[in-house]
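Here are the chains, one letter per residue:
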Amino acid sequence: MLKFKSLVAAIGLSAVAATTWAADITGAGATFPFPIYAKWAEAYKKETGTGLNYQSIGSSGGIRQIRAKTVAFGATDAPLSGADLDKDGLVQFPAIIGGTVPVFNLDGFGKGELRVTGPVLAEMFMGKISKWNDPKLAALNPGKTLPNQTITVVHRADGSGTTFNWTDYLSTVSKDWLDTVGKGAAVKWPAPTSVGGKGNEGVAANVTRTKGSIGYVEYAYAKRNNIAVMALQNKAGNYVMPDDETFAAAAAGADWFSVPGMGLSIVDQPGAKSYPVTTASFILMYKTPADKAQSAEVLKFFDWSFKNGKKMALELEYVPLPDALTNQIRQRVWNQIVTK
């Protein structure tokens, strides 16, 4: 984690607020893609001299800032509807694909050593399964001795696209969750032991220091903080772990332009290897920006990242967009943005 914080400081990105020096490109929003945007920004600055100041403040904050025109681009994991994009004069496109994962802190159990299904996960986050040795969890993990320990649910305290995608998944696999909690960037968490954390960073930190806890974060945060991840049953009935291969399997059949603004949900996809909570993170930009030169620089940054950032993305267990899709984004989305 110290190395990651040093990286953030070195390239001038802030996890909570803008830095004091003048950056060439400004953006704000989702914490989900922050690790890869940081890595791309470091490499891009070395090659071009152009800096990026990205405020990792959550998807809701990114939407607010782009609407307030205080940044050149907003980032959200909860895509805006076609109607909202049209109303605000915005375009939207995916920039990276990754996964949201169930992380936990239970003595004696490490990465992949506990299995869970979507419906059981929903009951845990609802508080209906409140102990780690609940019979439903025990049945999924035969031969393992689970402790009689209270489950503490850790969730996002801020408006979050990660929460939107997590609750989208739980709503898909559990009618009970859909009917009583639903999906959204912010929801009322029903478990009496629920504890909030700001950003993926805050959830990861709370799970790390809270014995008996379970939470959800973008996979890069679990990996960098060495937090245990549960094996999750997919639609095909297989228990899978998150990585670039299982994320790619889930995204393989996505028809991005079938939805206005490319705002496609890819949770609970079919396929033997598909990871169930695979999601994209999206970029928001104005069609007619107030600062055309700044918007042109944003497009140059993402153009470079799409072409040169694939290996960096894979190293952090994200899935880069395929060339065929990024070419379509250039031709069908970026051509709507006035940069001169």
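See the structure above.
Please set out the sheet that holds strand S10 (residues 231-233) residue by residue, giving values where relevant.
Taken together, the three strands give an open sheet; going across it, the order is S5-S10-S11, and neighbouring strands pair in mixed fashion. The two strands at the open ends of the sheet, each matched to only one other strand, are strand S5 (115-116) and strand S11 (239-240). Two elements, S5 and S10, share two bridges in a ladder whose sense is parallel. The residue bridging arginine 115 from the neighbouring strand is alanine 231, located in S10.

Now, about the pattern of salt bridges: what can you tell me, with residues and values included?
Here the structure, examined in full by the defined rule, presents 16 salt bridges. One salt bridge connects glutamate 315 with lysine 39, and the closest N-O pair in it is separated by 3.0 Å. Taken together, the residues glutamate 315 in helix H13 (residues 310-315) and lysine 39 in helix H2 (residues 34-48) connect sequence positions 276 residues apart. Given a relative accessible area of 37%, glutamate 315 falls into the partly exposed group. Overlapping salt bridges, with partners in common, bring together Lys39, Lys311 and Glu315 in one network.

Could you give an account of the layout of surface pockets, naming the residues involved and the relevant values?
If a probe as big as a water molecule is rolled over the atoms, it shows which places are left empty. Approximately 240 Å³ is the volume attributed to the largest pocket. Leu85, Pro260, Gly261, Met262 and Gln336 are, among the 15 residues lining the largest pocket, the residues nearest its centre. Elements represented by at least two residues in the lining of the largest pocket include exactly helix H4 (82-88) and strand S4 (90-105).

Kindly report on the nonpolar core, identifying the contributing residues and their values.
Grouped together as the largest cluster of nonpolar side chains are 94 residues, with contacts concentrated most on Leu121, Met124, Phe125, Trp132 and Phe302. Per element, the largest residue contribution to this core is eight residues, and it comes from S4. Not counting residues within four places of it along the chain, the set of residues in contact with leucine 121 comprises Pro102, Val116, Trp166, Tyr169, Leu170, Ile214, Met230 and Leu232. Formed by ten residues, the second largest nonpolar core is a distinct cluster that contains Ala28, Ile63, Leu90 and Leu284.

About the criteria used
Sequence order as written defines residue numbering, which begins from 1 separately in each chain. Local features are withheld for residues below a pLDDT of 70 in this predicted model, meaning they are given only at 70 or higher, and side-chain atom pairs are given and counted only at 80 or more; totals for whole chains, interfaces and linings count all residues. Note that water and hydrogens are dropped before the side-chain values are worked out from all heavy atoms of the structure. Each pair of strands is called paired provided DSSP finds at least two bridges between the two strands. By definition, any uninterrupted DSSP run of H or I lasting at least four residues is a helix, any uninterrupted run of E lasting at least two residues is a strand, and each is numbered from the N terminus. The rule for a salt bridge is simple: a side-chain nitrogen of Lys or Arg has to be within 4 Å of a carboxyl oxygen of Asp or Glu. Only protein chains enter the calculation, and the probe is 1.4 Å; a residue is then buried if its accessible area is under 20% of its type maximum, exposed if over 50%, and partly exposed in between. Using only the protein atoms, space was sampled on a 1 Å grid; points where a 1.4 Å probe fits but cannot get out form cavities, open sets with protein on both sides within 12 Å along at least five of seven lines form pockets, and lining residues are those with an atom within 4 Å of a point. Grid points are joined across faces, edges and corners, and a volume is the space filled by probe spheres set on the points. Joining through side-chain atoms within 4.5 Å is the link that ties buried Ala, Val, Leu, Ile, Met, Phe, Trp, Tyr and Cys residues into a set, and such a set is a nonpolar core. Contact between two residues is taken to exist if any of their heavy atoms lie within 4.5 Å; hydrogens are not considered.

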